[in-house]
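# Coordinate analysis (summary)
What follows is the residue order along each chain.
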Amino acid sequence: MSKVLVIGAGGVSSVVVQKCAMLPQVFSEIHLASRTLAKCEALQEEAGKDRVVGVYQVDADDAAKVADLIRQVQPSLVINVALPYQDLPIMDACLETGVHYLDTANYEPKDEAKFEYSWQWAYQERFKEKGLMALLGAGFDPGVTNVFTAYAAKHYFDEVQYLDIVDCNGGDHGQAFATNFNPEINIREITQRGKFWENGEWHETDPISVRKDLDYPNVGVRPSYLLFHEELESLVKHFPTLKRARFWMTFGDEYLTHLRVLENVGMTSIHPVQFQGQDIVPLEFLKAVLPNPGSLAEGYTGKTCIGTYVTGIKDGQQKTIFIYNNCDHAETNKEVGAQAVSYTTGVPAMIGAAMMLEGHWMKPGVWNMEQFDPDEFMNRLNQHGLPWHVTECDKPFGA
Ligand code: NDP
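For the protein chain, the name recorded in an unreviewed UniProt entry is Carboxynorspermidine dehydrogenase, with Idiomarina aquatica as its organism.

Written as structure tokens, this is what we have:
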């Protein structure tokens, strides 16, 4: 029985809050704080006032304010589903007040689109000394894809060698251009240079320049592009036998055309420009005019397919497996009023929090998901709406 404080009240939070609310035996009290109080109140209404017992306004860029709120609420764990910019102030506040921490995306500075764990891994000793735990990247990718890799390594291979994480959204929301999670974070991620790991070093590619047409179970063939994604960094560290690790994401032609035009006219820039006497960041303005990802759920059809291809050695033979989940936008909308991208992020965050609070994954320090035994987490994916499948492939990925 534990009290949790959820910070952030967007698309992912709405799923986290509702899924935690379904498990009162684990999450005895849920408190919700975000920058805009009205959004917390709306989610409270959705989940029930008996389950979300307190809502609060907080600016989570300010560690002192978050620490004050934690002292007021006294939770066992903070679930951070605000934006990556808030990771460090929230971790500081958890350290100051003696509370465990969980997030779904690694820290990035606002003025630099730079995705790496170095800032958060630097908290390892401080969390350890205080007997506190921080679980990093507990969404789907990062998150479930890390656990899929650990599961493959534990049950299918003596040595893992090649990893290809694939993220397909085969859904249709009927909008000309929209992102499925926070537009600012999403566009920063996909417009950066591509990067993959091979033979002990990182190799860079131009943004969205390497394409493969991949066949996704229950979706079909989709153009997929090589991107850098944050779980690659922790996975190559924790599975040093990996000779190569890559990440692929699907984008339709229409989406890429819009993105190219927006980039060409400067709308994806994160550097402030002067407009009518004030500084505005073009990408922040663009976010304000794009559809709110949470609003896409109604009428969204089709499925996501996210998974991990692993090639390695078992009993002297090379083999390849694919572990994946399909998630249907219409079904998640029916269950919790959210589209599948919010759902596939929010459910693992809830499971990760339960794994910590119930002691399955409780260890002082700062950890990535693949550093724990994957089995119980995998069981819970099946129980809480994200069933997974393993197929043995006839040939290595992409061959
Ligand atoms: P949204 O933009 O929908 O929600 C973000 C929420 O954080 C909003 O309620 C926002 O408040 C709040 N917020 C922003 N800044 C502050 C602040 N300074 N103080 C307090 N609250 C703040 O984003 P999503 O729900 O789509 O994404 C949430 C997180 O999940 C992101 O970090 C994203 O990167 C991550 N994610 C991870 C995935 C994974 O698989 N691992 C996949 C998808 C997302 P306001 O309403 O006022 O703007």
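## Regarding the overall build of the protein chain
The helix and strand tally for the protein chain stands at 14 helices and 18 strands. Its C-alpha atoms give the protein chain a radius of gyration of 20 Å, near enough to 21 Å, the size a compact globule of 399 residues would have. Per-residue burial for the protein chain yields a buried fraction of 57% across its 399 residues. Surface accessibility of the protein chain: about 16100 Å² in total, with carbon and sulfur atoms responsible for 47%. Side chains of the protein chain give 33 positive and 53 negative charges; the mean places of these two sets differ by 2 Å.

## Considering the confidence of the model for the protein chain
Close reading of the predicted structure is inappropriate where its pLDDT is low. Chain-level pLDDT for the protein chain is 96 on average; 100% of the residues reach the 70-or-more range. For this predicted complex, the interface confidence reaches an ipTM of 0.99, while the overall pTM sits at 0.96.

## Comments concerning the pairing of strand β10 (residues 211–216)
By the bridge criterion, 6 bridges tie β10 to strand β11 (residues 220–227) in an arrangement that is antiparallel. Considered in β11, the bridge of R211 is made with Y225. The antiparallel pairing of β10 with β11 creates a hairpin that spans 3 residues between the two strands, and N218 there sits at a positive phi of about 65°.

## A few points about the site of the ligand
Around the ligand, a shell composed of 28 residues is seen, among which R35, T36, K39, A60 and N182 lie nearest. Contacts to the ligand include G11, whose backbone N or O atom sits 3.2 Å from an oxygen atom. One of the backbone N or O atoms of A60 is found 2.8 Å from a nitrogen atom in the ligand. Computed on the free molecule, the ligand has an accessible area of 930 Å², of which 94% lies beneath the protein chains in the complex. Here the shell around the ligand is composed, by residue class, of 13 nonpolar, 10 polar and 5 charged.

The rules behind these values
Residues numbered from 1 in each chain as written. Predicted model: local features only at pLDDT ≥ 70, side-chain atom pairs only at ≥ 80, totals over all residues. Heavy atoms only, no water. Helix = DSSP H or I, 4+ residues; strand = E, 2+ residues; numbered from the N terminus. Rg over C-alpha atoms; globule rule 2.2 N^0.38 Å. Buried < 20%, exposed > 50% of the residue type's maximum accessible area, 1.4 Å probe, protein only. Areas by Shrake-Rupley, 256 points an atom, 1.4 Å probe, with all protein chains shown as cover. Lys, Arg positive; Asp, Glu negative; His and termini not counted. Charge placed at Lys NZ, Arg CZ, Asp CG, Glu CD. pLDDT = per-residue confidence, 0-100. Pairing = 2+ DSSP bridges. Near = heavy atom within 4 Å. Polar contact = N/O pair within 3.5 Å; in protein donor to acceptor, adjacent residues only side chain to side chain. Nonpolar A, V, L, I, M, F, W, Y, C, P; charged D, E, K, R; others polar.

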